[in-house]
Amino acid sequence: MELQLEKSWQDQLANEFEKSYFKSLLRFLDIEIQQFSCYPSQKDIFNALNTCVFDKVNVVVLGQDPYHGKGQAHGLSFSVPDGVVHPPSLINIFKELESDVGKTYPKSGNLLPWAKQGVLLLNATLTVRAGQAGSHQKKGWENFTDAIIDRLSAKKSGVVFLLWGNYAKHKGKRIDRSKHLVLEAGHPSPLSANRGLWFGNKHFSKANAYLKGLGKSQINW
C-alpha cells in the first residue's frame, strides 16, 4: 500500500514510518482493503495533511473516526464532499457557526476551504471499514496522530486546538497549553448537543479573536 504524503509532513513524521506500530498498521490496512470496502479512498487517507501543510497550520479540529457511509469520508474530519447529505454532527457544527458568527448555513458540507486557510481537519483514526464505526481503532493510527499533535505542540506556537467530545479532549492532554489555545466542548453529535454540551460554545469567534490578537489571519469560516 502506497501512502502519498506532502513533503513538510513527511519531514516532520519521518521517524514514525520506521516504527513497528506503523509497519504493522500498513500490513493491517493491506489486508482490510483487499477484503472489505474501507473509507476514505487510499488517495484521500492523508487529505487533511496534504491540504494543510505543517507551516500553515493555525487551527486544529480533532475528530475521532472517518464517516463510515459510502461517499461520505474524504479525509477531512467532519467534512463530506460536495453534494453529499450533511451528517447530523456537521449540521450541528453549521448551526453553531450560524449562531456564533452569523454565517449563513452552507449548501455544501465540504470543509476544504477551511483546510486551505490553515485548519487541520484531523481524525484520530484515519480509516474505517464500511458500515462499522471504530473498526480501525487501536491498530496504530492513534499513535500516528499523537505524533502529529506532538510535533504541532512542540514546534509551533499560537495554534488553536478545537477539541469536541471526550475522545478529542483525551488527546488534548498532549498539548502545551502555555503556548497554544485549547478550546473544549461536547461532541457536535445530536446525543451530546441535545444535552446542552455543544451549542453556544462560540469556538469559531474565539479562535478568530485569538488569531487576530497574534497578528495572524482569521479564518473565513
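Please refer to the structure placed before this passage.
Here the structure is a predicted model, which is why all the values come from computation and not from measurement.

A short note on the nonpolar core
- The biggest cluster of nonpolar side chains holds 62 residues, and the ones touching the most others in it are Trp9, Trp114, Leu120, Phe144 and Trp221.
- The residues contacting phenylalanine 144, other than those within four sequence positions of it, are Leu13, Glu16, Phe17, Tyr21, Phe22, Phe46, Leu49 and Leu126.

With respect to helix 4 (residues 88-101)
- Here helix 4 contains 14 residues, and its C-alpha end-to-end distance of 20 Å stays within 8% of the 20 Å for a straight helix at 1.5 Å per residue.
- Burial in helix 4 covers these residues: Ser89, Leu90, Asn92, Ile93, Phe94, Glu96, Leu97 and Asp100.
- Contact partners of the buried residues in helix 4: helix 5 (112-115), strand 5 (160-164), helix 8 (190-193) and helix 9 (203-213).
- Positioned one or two residues after helix 4, glycine 102 has a phi angle of 75°, which is positive.

Concerning helix 9
- Among the residues making up helix 9, those that are buried are His203, Phe204, Ala207, Asn208 and Leu211. All buried residues of helix 9 fall inside an arc of 130° around its axis, so they share one side. Exposed and oriented more than 90 degrees from the buried face of helix 9 are Ala209, Lys212 and Gly213.
- Lining the buried residues of helix 9 we find strand 2 (59-63), helix 4, helix 5, strand 5 and strand 6 (181-185).
- Positive phi appears at glycine 215, one or two residues downstream of helix 9, with a value of about 80°.

Some thoughts on the pairing of strand 2
- In terms of burial, strand 2 is a largely internal element, five of the five residues being buried.
- Side chains Val59, Val61 and Gly63 project from strand 2 onto one buried face, and the interleaved Val60 and Leu62 project onto a second face that is buried too.
- When strand 2 meets strand 5, the two strands line up parallel, connected through four bridges. For valine 60, the partnering residue across the bridge sits in strand 5 and is phenylalanine 161.

Digging into the pattern of salt bridges
- The tally for this structure, following the rule as stated, stands at nine salt bridges.
- Close ionic contact of glutamate 16 with lysine 19 constitutes a salt bridge, the shortest N to O distance being 3.0 Å.
- When its relative accessible area of 4% is taken as the criterion, glutamate 16 is described as buried.
- Classification of lysine 19 by relative accessible area gives partly exposed; the value is 37%.
- In this structure, arginine 151 and glutamate 16 form a salt bridge, with 3.1 Å as the shortest nitrogen-oxygen distance. Highlighted residues: arginine 151 in helix 6 (residues 141-155) and glutamate 16 in helix 1 (residues 7-17), separated in sequence by 135 residues.

What about the packing of helix 4 against helix 9?
- One can describe the packing of helix 4 onto helix 9 by two numbers: an axis separation of 8 Å at closest approach and a directional angle of 60°. If you check the angle between helix 4 and helix 9, you find them oblique. For the pair helix 4 and helix 9, the contacting residues are Ile93, Glu96, Leu97, Asp100 and Val101 in the first and His203, Phe204 and Ser205 in the second.
- By residue class, the composition of the contact of helix 4 with helix 9 is four nonpolar, two polar and two charged.

A few points about unusual backbone geometry
- A cis amide bond links tyrosine 39 with the next residue in sequence, proline 40, at an omega value of -5°.
- Considering the arrangement of structural elements, one finds proline 40 in the loop between strand 1 (38-39) and helix 3 (47-50).
- In this model, phenylalanine 78 sits at a positive phi of 70°, which is unusual for a non-glycine residue.
- Residue position: phenylalanine 78 is located in the loop between strand 2 and helix 4.
- Note on phenylalanine 78: relative accessible area 9%, which makes it buried.

Thresholds, definitions, all that
- Residues numbered from 1 in each chain as written.
- Predicted model: local features only at pLDDT ≥ 70, side-chain atom pairs only at ≥ 80, totals over all residues.
- Heavy atoms only, no water.
- Core = buried A, V, L, I, M, F, W, Y, C linked by side-chain atoms within 4.5 Å.
- Buried < 20%, exposed > 50% of the residue type's maximum accessible area, 1.4 Å probe, protein only.
- Contact = heavy atoms within 4.5 Å.
- Helix = DSSP H or I, 4+ residues; strand = E, 2+ residues; numbered from the N terminus.
- Expected span 1.5 Å × (residues − 1).
- Arc of directions from axis to C-beta.
- Pairing = 2+ DSSP bridges.
- Salt bridge = Lys/Arg side-chain N within 4 Å of Asp/Glu carboxyl O.
- Axes fitted to C-alpha atoms, helices over the stretch in contact; angles between N-to-C directions.
- Parallel < 35°, antiparallel > 145°, perpendicular 65-115°, else oblique.
- Nonpolar A, V, L, I, M, F, W, Y, C, P; charged D, E, K, R; others polar.

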